[in-house]
Structures are given as C-alpha cells and as structure tokens.
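# Architecture at a glance
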Amino acid sequence: MFADLPIRKIIHVDMDAFYASVEQLDNPELKGKAIAVGGGGKRGVVSAASYEARKFGVKSAMAGSLAIKLCPHLIFVKTNFERYTEISKKIRKIFHDYTDLVEPLSLDEAYLDVTQNKKGNPSASLIAEEIRARILDEVGLTASAGVSINKFIAKVASDYNKPNGQKTVNPEEVLEFLEALDIRKFYGVGKVTAEKMYQKGIFTGLDLKNKSLEYLDENFGKSGRYYYDVVRGIHNSDVKPHRTRKSLAAERTFSENLSSEIFMLEKLEQIAEEVSRRLLKSKVAGKTITLKIKYSDFTLQTRSKTLPYYISDKSVILETAKDLLYQEKMTNSVRLLGISLSNLNTEKKKKPELKKSINVQLKFEF
C-alpha cells in the first residue's frame with residue numbers, strides 16, 4: 001500500500017481545554033479549580049470545561065444544572081469570545097512562522113502541512129514540539145499535537161496524549177496504529193454510529209478493516225467508502241489555508257420554555273437580525289434557510305427551505321423562518337430556536353478526488 005501518494009507531513013495542533021484555560025490564564029485564582037465556561041443559570045449550557053471539572057464528568061454541551069449536580073463546587077465563568085479570538089490569533093501567528101499551509105478548524109485547533117516548511121526542518125515531530133513550546137512560552141497555554149501522513153491520522157493522534165502531549169504515527173506504524181484503535185476514537189464516528197458498529201461486532205479498526213466495501217456501503221451509506229479508506233490509512237484531503245464557510249447561524253436558548261407562537265416570532269425576529277448582521281459582515285449570502293427547534297423534552301427538529309436566489313436580508317430570512325415555524329403545529333413547548341443559512345455563494349464545486357494507494361511514505365523522516 002501507500003505507493004504513489006504525495007509525501008506529506010501533517011500536524012494537528014489542538015489547544016487543551018482552550019476557553020477554560022484562557023479563563024484560568026487571565027484569572028490565576030481559577031487555576032487548578034473546576035470551572036465551566038458558560039452554563040450559568042438553570043437554563044445554561046456548558047461551552048467548555050477545565051480538566052479539573054472533566055474529572056467529575058462535566059463536558060461541553062451539557063446542561064449547567066446537570067454539571068453542578070456532578071460537580072457541586074463547579075465555578076461558572078461567562079464566555080468571552082473576543083478574548084478567545086485574540087489569543088487564537090497569537091497562536092496562528094506562531095503557526096505561520098513555520099508554514100503558510102495552515103487550516104484552522106476553530107479558534108482552538110488547526111492542521112499544518114510542514115512537508116516543506118519555512119524552517120527547513122525535515123522532522124515534523126520536532127516542529128510540533130517547538131510550536132507547543134512556543135505557545136506555552138509566548139501565550140501561556142498548553143497544546144497537544146498529532147503528527148502523521150494525513151489529516152485524519154494526525155487529528156486522531158492529537159487526542160492520544162492529551163493534555164499537553166504529543167503523538168507521532170510514523171508511516172510504517174500507520175496500519176498497526178489504526179487496527180488497534182478503538183472505533184470510538186475514529187474521527188467521524190459519532191456516538192450513534194459507534195453504537196451501530198458495536199451491534200455489528202465492529203469494536204476496533206481491525207474489525208472495521210475486515211468488513212468489505214460492499215458491506216460498509218450497505219450498512220453505512222455514503223460514509224461506507226470513507227470508513228473503508230481511512231482504516232487503510234487513505235485520506236487525501238489537502239490542508240486548505242482558506243476554508244470555505246459552509247453555513248452561518250445564530251440561536252437562542254430561553255430562560256423559560258415558550259409555548260406561544262407569538263413569543264416565538266419575537267425571538268425569531270431577533271435571531272434573523274443577528275444572522276443577517278453576520279452575513280453582511282462576512283459579505284456572503286445563502287439560499288437554504290434552516291429553522292432549528294429544540295423542545296422542552298430536548299428532542300431536536302430542523303426544517304429547511306431552499307430559495308431560487310441568494311439572500312442576506314433580514315426580512316426575507318424572517319419570513320422564511322416564519323413559514324417553517326408554521327409548517328407543523330407545535331405539540332410541545334420550546335427551549336431553543338435557531339436559524340442558519342447554508343448553500344452559500346462562497347461554495348465551490350468539488351473536484352472528484354483521485355483515490356490512490358499508500359509505500360513511498362515509508363521512506364521519509366518524521
């Protein structure tokens with residue numbers, strides 16, 4: 001395998017508990033304590049948790065009320081995205097000292113292609129160590145990193161020795177590494193898919209590898225080919241310095257459940273205004289409007305409509321969201337509403353990716 005693939009050295013850098021760590025950096029009194037960013041109040045949702053809080057089972061997207069039950073001494077801190085963005089820019093500046101092939105995934109993680117780099121360093125592992133050391137020295141935060149032949153393996157590896165750790169999967173170790181990996185560790189395998197795989201006797205990468213492409217297609221649809229390839233070390237996605245935004249959204253969680261559609265319309269107007277503001281700021285427009293509804297029993301529903309033209313105007317977004325709201329009669333009270341625009345005018349048609357097999361990569365230094 002591995003023959004004819006371009007030789008690549010990819011690093012995935014992932015900040016450790018980023019939001020919580022920034023708060024602990026700015027307020028030394030919070031260091032070593034269990035904190036949750038966001039999540040305050042009976043309706044709040046945790047955006048991030050420090051490692052001290054995670055030991056008690058607190059995690060992102062968890063209701064604040066449950067978090068405080070798991071960790072009674074938990075300290076809630078308000079989110080400060082301006083500060084997180086400021087820190088993120090400093091970190092990205094460090095990345096660009098090594099390569100211009102930097103693909104940010106969010107404020108706290110990014111891929112770097114250092115196959116050819118500004119330092120002339122042939123070792124991606126040493127570059128990753130140097131970057132992590134600089135982030136700690138210049139920013140005051142710890143980061144973890146994964147290093148390997150493609151983005152998929154690098155991302156999986158970055159989670160291997162967290163926090164403040166690093167894992168390199170050398171070319172000759174790729175297949176063995178993937179075969180031994182718990183299926184839950186595969187990037188792109190969520191909780192629901194993992195449960196489905198368990199039911200079919202797929203617990204490790206080796207179990208997955210033993211399934212034919214036909215079997216995976218039949219049982220996992222369009223994702224079947226992806227699973228078939230990645231467990232064989234095949235993932236040809238390039239590091240893209242300028243990632244195209246796929247959607248833009250805003251949502252609100254309410255302090256009290258809403259049962260009146262009149263009150264929901266008031267909230268939708270505010271959300272539509274926020275979405276429009278973000279679209280105009282980003283200088284983009286979209287065709288597909290999606291209404292997100294989370295009910296008081298936490299069930300989630302989405303309703304979408306695609307228009308024949310691009311829009312960014314608040315009035316059109318609001319009217320379409322209203323139509324979607326009235327599409328079905330409400331059977332339960334609502335705790336969250338959201339509006340997103342996708343099918344944006346920034347998207348480009350994808351070129352078909354050539355599938356290649358993986359041996360030339362065994363020859364270069366990591």
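Predicted model only: the values in this text are computed from it and were never measured. (Residues numbered from 1 in each chain as written. Predicted model: local features only at pLDDT ≥ 70, side-chain atom pairs only at ≥ 80, totals over all residues. Heavy atoms only, no water.)

In this structure, Ile11, Phe18, Phe95, Leu112, Ile135, Phe186 and Leu208 are the most contacted members of the largest nonpolar core, which totals 56 residues. Here Phe18 is in contact with Tyr84, Ile87, Ser88, Ile91, Leu107, Asp108 and Leu141, once residues within four sequence places are set aside. If you look at the next biggest cluster of nonpolar residues, it comprises 29 residues, including Ala250, Leu258, Met264 and Ala321. (Core = buried A, V, L, I, M, F, W, Y, C linked by side-chain atoms within 4.5 Å. Buried < 20%, exposed > 50% of the residue type's maximum accessible area, 1.4 Å probe, protein only. Contact = heavy atoms within 4.5 Å.)

Attention shifts here to the environment of Ser259. Position of Ser259 among the secondary structure elements: in the loop between strand S9 (247-258) and helix H12 (261-282). Of the residues examined, Ser259 reaches a relative accessible area of 64% and is grouped as exposed. In this structure the C-alpha to C-alpha distance between Ser259 and Val334, which are 75 residues apart in sequence, comes to 6.3 Å. Once residues within four sequence positions are removed from consideration, Ser259 is found in contact with Met264 and Ser333. (Helix = DSSP H or I, 4+ residues; strand = E, 2+ residues; numbered from the N terminus.)

We now examine the packing of H12 against helix H13 (residues 314-325). Following both chains from N to C, one finds H12 and H13 inclined at 140 degrees, their axes separated by 9 Å at the closest point. As judged from the angle between their axes, H12 and H13 are oblique. With respect to the hand of their crossing, H12 and H13 are arranged in right-handed fashion. From H12, Met264, Leu265, Leu268, Glu269, Ala272, Glu273, Val275, Ser276 and Leu279 reach across to H13, where they touch Lys314, Ile317, Leu318, Ala321, Lys322 and Leu325. (Axes fitted to C-alpha atoms, helices over the stretch in contact; angles between N-to-C directions. Parallel < 35°, antiparallel > 145°, perpendicular 65-115°, else oblique. Left-handed = near helix turned anticlockwise from the far one by under 90°.)

Glancing now at helix H4 (residues 81-95). For H4, with 15 residues, the first-to-last C-alpha span of 21 Å sits near the 21 Å given by 1.5 Å per residue. Those residues of H4 hidden inside the fold are in contact with strand S1 (10-15), helix H1 (18-26), strand S2 (35-38), strand S5 (102-106), strand S6 (109-113) and helix H5 (124-138). (Expected span 1.5 Å × (residues − 1).)

This next bit is on the packing of aromatic side chains. The full count for this structure, using the stated rule, is eleven aromatic pairs. Judged by centre distance (5.5 Å) and plane angle (90 degrees), the rings of Tyr19 and Phe81 are edge-to-face. Of this pair, Tyr19 sits in helix H1 while Phe81 is found in helix H4, placing the two residues 62 residues apart along the sequence. Three or more aromatic residues joined by ring pairs form one cluster here, namely Phe152, Phe186, Phe220, Tyr226 and Tyr227. The ring of Tyr215 carries the charged tip of Lys211 above its face, separated from the ring centre by 4.8 Å. One Lys or Arg, Arg232, reaches over the ring of Tyr228 and ends 3.7 Å from the middle of that ring. (Phe/Tyr/Trp six-rings, centres within 6.5 Å; stacked < 30°, edge-to-face > 60°. Lys NZ or Arg CZ within 6 Å of the ring centre and 35° of its normal.)

Moving on: the confidence of the model for the protein. Residues at a pLDDT of 70 or more form 92% of the protein, whose mean pLDDT is 89. In this model, residues 349-363 is a region of pLDDT below 50 whose contacts with residues beyond four sequence positions or in other chains number 40 contacts. (pLDDT = per-residue confidence, 0-100.)

Looking now at the sheet that holds strand S11 (residues 300-311). Sheet architecture is open: four strands sit in the order S9-S12-S10-S11, paired in antiparallel fashion. What marks the edges here is a single partner per strand, and that holds for S9 and S11. When strand polarity is set aside, the average angle formed by the axes of neighbouring strands in this sheet is 15 degrees. Contacting S9, strand S10 (286-295), S11 and strand S12 (334-344), H12 crosses the sheet at an angle of about 155 degrees to S9. Packed on one face of the sheet, H13 meets S10, S11 and S12 and runs near 140 degrees to S11. (Pairing = 2+ DSSP bridges.)

With that out of the way, let us pick up a nonpolar patch on the surface. The grouping of Phe56, Leu66 and Leu70 at the surface amounts to a nonpolar patch, some 240 Å² of accessible area in total. With respect to the helices and strands, Leu70 occurs in helix H3 (residues 64-70). On the basis of relative accessibility, which here comes to 35%, the residue Leu70 falls in the partly exposed class. (Patch = residues over 30% accessible without salt bridge, like charges linked within 9 Å, V, L, I, M, F, W, Y side chains within 5 Å. Areas by Shrake-Rupley, 256 points an atom, 1.4 Å probe, with all protein chains shown as cover. Salt bridge = Lys/Arg side-chain N within 4 Å of Asp/Glu carboxyl O.)

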